[in-house]
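In case you want the letters, here they are:
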Amino acid sequence: MQQLIDIASHPEVGPHIAVMPDCHVGYGVPIGCVAPTIGAVIPNAVGVDIGCGLHAIQTGVHYDRERMDQRFWREWGGQVNRDIPTGFQSHKSPEPLGALDQSLRASSLQALVRERAAFQLGTLGGGNHFLEALVDDDDELWLMVHSGSRHTGLRIAEHYNQAAIESTERRRLVTAKDLASLPLDDPEGQDYMTDMGWAAEYALANRLLMGQRLHSAFRTMMERRKLDIGPDEPRRVINIHHNFARIEDYDGQSLVIHRKGATSAYDGEYGVIPGSMGTASYIVRGLGNEQSYRSCSHGAGRVMGRGAARREITSDVFAASLADTHSRASMSYVDEAPAAYKDIHVVIERQLDLIEVMHVLQPIMTVKGDSRARDD
């Protein structure tokens, strides 16, 4: 609550902030918060995993539970782990960056584009990031990726937060700790918007590449089992952010809308609101509610810190929560157990003025990396 009061009281924030039902404590600004600013940008109101988001693929394939058994999904998971590095792992050789091979405004970070970003394109990371197979209410299979801009996005966030601290001190702007800002009419403010935009595009490309490899592994498994591989192209593909800022107009006023752990939900816009391992996820369509700045939640939201989850959630409790899936309950990511999160169904019910539910997805198998990885 104090973090919400602090961001709402910021001298450059207005007219109001919006709080999503998955809101919980973050760094400086709560996760699950939409904060508009006038003429300035606050790096910590975007967060360190710039462009983190969800990529969902509607495969067009019917779930054959008898033939797609535990062995099928464990083999699929094994292929996914070979194709997509997770946790601390990166590719051994660089991936082509294409249009992303460009100069950052922060020249001190430029080497990271080829030395780090190229090797991490198409990699998952750790923390709450995941790869998943799910089935919807029509028995159709979906594939999902949750990841962001990896180490380069983190370094961009840290670089500009330090610049914002120095700028805020120079301007003698009175605000709470960790809410330093950069004016948009200052070159550093424009530099942040540009480099944040690069990180967001990188995150989109990162998820897209992983989604393609996830789908390819699935089709390979289907061919091995002599099952119908479905249409050549997915029926629907959704790729969205939940950590970003962009300039939007509300009531004729130009605002920088920061969505930290919040998803854009313009009228008719499709989005993904995941639960946790072992719980449902939702495909939704935005209603364009302007009170929330056309936004909705980005997930279920934590009820336990990572340290508390590691101390309190036992291996038996974790395993029991995944009993209806083919996922493994590894203690290396016990802090991602369902018990560490809010009830996703309650979270959805509390935002039905923001979104319309299109599909409810039940998890079949989740692939994760070590949650202690620091490059998310």
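About the criteria used
Residues numbered from 1 in each chain as written. Predicted model: local features only at pLDDT ≥ 70, side-chain atom pairs only at ≥ 80, totals over all residues. Heavy atoms only, no water. Pairing = 2+ DSSP bridges. Helix = DSSP H or I, 4+ residues; strand = E, 2+ residues; numbered from the N terminus. Axes fitted to C-alpha atoms, helices over the stretch in contact; angles between N-to-C directions. Contact = heavy atoms within 4.5 Å. Polar contact = N/O pair within 3.5 Å; in protein donor to acceptor, adjacent residues only side chain to side chain. Core = buried A, V, L, I, M, F, W, Y, C linked by side-chain atoms within 4.5 Å. Buried < 20%, exposed > 50% of the residue type's maximum accessible area, 1.4 Å probe, protein only. Lys, Arg positive; Asp, Glu negative; His and termini not counted. Salt bridge = Lys/Arg side-chain N within 4 Å of Asp/Glu carboxyl O.

Peer 1: So what's going on with the sheet that holds strand E10 (residues 253-260)? Which residues, and what values?
Peer 2: With antiparallel pairing, four strands are arranged side by side in an open sheet as E1-E2-E10-E9. Taken across any chain shown, the strands that pair with only one partner, and hence form the sheet edges, are strand E1 (18-24) and strand E9 (243-250). Taken pair by pair, the neighbouring strands of this sheet meet at an average axis angle of 20 degrees, ignoring direction. By the bridge criterion, three bridges tie E1 to strand E2 (residues 31-37) in an arrangement that is antiparallel.

Peer 1: Give a detailed account of the environment of Ala 329, specifying residues and quantitative values.
Peer 2: If you trace the backbone, Ala 329 turns up in the loop between helix H7 (315-321) and helix H8 (344-349). A C-alpha to C-alpha distance of 28 Å links Ala 329 and Leu 154, two positions 175 residues apart in sequence. In contact with Ala 329, other than residues within four places in its own chain, are Phe 318, Ala 319 and Leu 322.

Peer 1: Explain the side chain of His 298 to me, using residue names and the numbers behind them.
Peer 2: By the secondary structure assignment, His 298 is in the loop between strand E14 (295-297) and helix H6 (306-312). Within polar-contact distance, the side chain of His 298 engages the side chain of Asp 22 at 2.6 Å. In terms of polar contacts, His 298 uses its side chain to reach the backbone carbonyl oxygen of Gly 261, at 3.1 Å.

Peer 1: Tell me about the nonpolar core, and please be specific about residues and values.
Peer 2: Side chains of nonpolar character tend, in soluble globular proteins, to be buried together. Formed by 32 residues in total, the largest nonpolar core has its most connected members in Val 34, Ile 273, Tyr 282, Tyr 293, Ile 313, Phe 318 and Ile 344. At the level of elements, E1, E10, strand E13 (281-286), H6 and H8 are the ones that each hand at least two residues to this core. Looking at which element gives the most residues to this core, the answer is H8, with three residues. Not counting chain neighbours up to four residues away, the residues in contact with Tyr 293 comprise Pro 15, His 16, Ile 17, Ala 18, Val 34, Pro 36, Glu 248, Tyr 250, Leu 255, Ile 257 and Arg 259.

Peer 1: Hey, could you go over the pairing of E10 for me, with residue numbers and the actual values?
Peer 2: The element E10 is extensively covered by neighbouring structure, given that six of its eight residues are classed as buried. Of the pairings in the sheet, the one linking E2 to E10 comprises five bridges and is antiparallel in character. What sits directly across from Pro 36, in E10, is Ile 257. Between E9 and E10, which pair antiparallel and follow one another directly, the connecting turn spans two residues, one of which, Asp 251, has a positive phi of 55 degrees.

Peer 1: How would you sum up the side chain of Asp 49? Please name residues and give values.
Peer 2: Among the secondary structure elements, Asp 49 is positioned in the loop between strand E3 (40-41) and strand E4 (53-62). Buried and unpaired, Asp 49 has Arg 207 as its nearest opposite-charge partner, separated by 7.3 Å. Polar contacts involving the side chain of Asp 49 include one to the main-chain amide nitrogen of Ser 149, which spans 3.1 Å.

Peer 1: How would you explain the pattern of salt bridges if you had to name every residue and give the values?
Peer 2: Summed over all chains, the structure comprises 18 salt bridges. Asp 191 is the salt-bridge partner of Arg 105, the closest N and O atoms lying 2.8 Å from each other. Here Arg 105, found in the loop between helix H2 (70-83) and helix H3 (110-120), pairs with Asp 191, found in helix H5 (residues 187-224); they are 86 residues apart in sequence, far enough to count as distant. The buried category is assigned to Asp 191, whose relative accessible area is 18%. In this structure, the salt-bridge partner of Glu 140 is Arg 235, at a minimum N-O distance of 2.5 Å. Taken as a pair, Glu 140 in strand E6 (residues 140-147) and Arg 235 in the loop between H5 and strand E8 (236-241) lie far apart in primary sequence, 95 residues in all. Classification of Glu 140 as buried rests on a relative accessible area of 8%. Connected through shared salt-bridge partners, Arg 302, Arg 306, Arg 310, Asp 335 and Glu 336 make up one network.

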